[in-house]
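Secondary and tertiary structure notes
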Amino acid sequence: MITYKRIQFVLIGLLAATVLFVGGCRPDALQAPQLILPQDAAALMETNAGGSGLILLDVRTPEEFAQNRIAGAMLFDYRGPDFQEGLAQLDRSRTYLVYCRTGNRSSYAVRIMAEMGFAHVYDLDGGIVLWQAQGFPVER
């Protein structure tokens, strides 16, 4: 005879198994994107200056990029039709620092990158607006 307690026990067991299964599907080798403050990003950039370790990705529009940008940044327009195709061409084992105007688009971009298997991704907190407000340089 099926009782309410037995149904409850089975449902709890199914829920627990689902949580364990879904949690277990996440690749352990990948790191979640990290939010990084401008001063820490500047230090990371300085540490990697002249080397081939860090790649800056500006995910704003071409118009915004033309107005100002962090030196050395590559344009990858988040709203562009070929955004994900462009990302697919990048080396997933490299380290990336991603920024936009205020941090909204970059937060979505770094999630996409994590889902695509990028191992080391930083999201510039506050975007280029906070970067400039804290006195860090941009180029035009």
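For the structure, see preceding data.
Residues numbered from 1 in each chain as written. Predicted model: local features only at pLDDT ≥ 70, side-chain atom pairs only at ≥ 80, totals over all residues. Heavy atoms only, no water.

1. Focus on the packing of aromatic side chains
For the record, the criterion: Only Phe, Tyr and Trp rings take part, Trp by its six-membered ring, and two of them pair if their centres are within 6.5 Å. Stacked means planes under 30 degrees apart, edge-to-face means over 60, and tilted covers everything else. Secondary structure is summarised from DSSP: a helix means a run of H or I of at least four residues, a strand means a run of E of at least two, and numbering begins at the N terminus for each. Residue exposure (1.4 Å probe, protein chains only): buried if accessible area is under 20% of the type maximum, exposed if over 50%, otherwise partly exposed. Whether a charge sits over a ring depends on NZ of Lys or CZ of Arg being within 6 Å of the ring centre and within 35 degrees of the ring normal.
Counted according to the given criterion, the structure contains four aromatic pairs. Relative to Tyr108, the ring of Tyr78 has its centre 6.4 Å away and its plane inclined at 20°; by these criteria the two rings are stacked. A residue pair is termed long-range when its members are at least 10 positions apart, and Tyr78 in the loop between strand 3 (74-75) and helix 4 (83-88) and Tyr108 in helix 5 (residues 104-115) qualify at 30 residues. Accessibility expressed as a relative area gives 23% for Tyr78, which makes it partly exposed. Measuring from ring centre to ring centre gives 5.4 Å for Tyr96 and Phe118, while their planes differ by 85°; the resulting arrangement is edge-to-face. With Tyr96 in strand 4 (residues 95-99) and Phe118 in the loop between helix 5 and strand 5 (120-124), the pair connects residues that are 22 residues apart, well separated along the chain. You'll find Tyr96 and Phe118 in the same group, each marked buried. In this structure, Arg69 packs its charged tip against the face of Phe65, placed 4.8 Å from the ring centre.

2. What about the pattern of salt bridges?
Worth spelling out the cut-off: Note on definitions: salt bridges are taken to be side-chain nitrogens of Lys or Arg within 4 Å of carboxyl oxygens of Asp or Glu.
Considering all chains together, one arrives at three salt bridges under this definition. Across the pair Arg60 and Asp58 runs a salt bridge whose closest N-O atoms are separated by 2.7 Å. Across the pair, exposure class does not vary: Arg60 and Asp58 are buried alike. Notably, a salt bridge pairs Glu139 with Arg69, separated by 3.4 Å at the nearest N-O pair. With Glu139 in the segment after helix 6 (127-133) and Arg69 in the loop between helix 3 (62-67) and strand 3, this pair connects stretches of sequence that are 70 residues apart. Glu139 gets classed as partly exposed once you look at its relative accessible area, which sits at 32%. Among the residues examined, Arg69 registers a relative accessible area of 16% and is labelled buried.

3. Here we look at the environment of Arg92
Stated precisely, the cut-off is as follows: Working rule for contacts: check all heavy atoms of both residues, and any pair within 4.5 Å makes them a contact. For the purposes of these results, a polar contact is taken to be a pair of N or O atoms within 3.5 Å, where, inside protein, one atom must be able to donate a hydrogen and its partner to accept one; residues adjacent in sequence count only when each atom of the pair is a side-chain atom.
With respect to the secondary-structure elements, Arg92 resides in the loop between helix 4 and strand 4. For Arg92 and Gly117, which are 25 residues apart along the polypeptide, the C-alpha to C-alpha distance reads 6.4 Å. Among residues more than four places away in sequence, those in contact with Arg92 are Met116, Gly117, Phe118 and Ala119. A distance of 2.6 Å separates the side chain of Arg92 from the backbone oxygen of Met116, its partner in a polar contact.

4. What to know about the sheet that holds strand 1 (residues 34-36)
To keep it simple, the criterion reads: By the convention used here, strands pair only if DSSP detects at least 2 bridges between them. Here the axes come from fitting lines to C-alpha atoms, over the contacting stretch only for helices, and the angles between their N-to-C directions go from 0 to 180 degrees.
Strands sit in the order 1-5-4-2-3 across an open sheet of five strands; the sheet is parallel. A single partner strand is all that each edge strand has here, and the edge strands are strand 1 and strand 3. Of the strand pairs in this sheet, strand 2 (residues 54-58) and strand 3 are connected by two bridges, and their pairing is parallel. Bridging across to strand 3, Asp58 finds its partner in Leu75. In the packing of helix 2 (residues 38-47) onto the sheet, the strands contacted are strand 1, strand 2, strand 4 and strand 5, and the crossing angle to strand 1 comes to about 100°. Relative to the sheet, helix 5 contacts strand 2, strand 4 and strand 5, its axis offset from that of strand 5 by approximately 175°.

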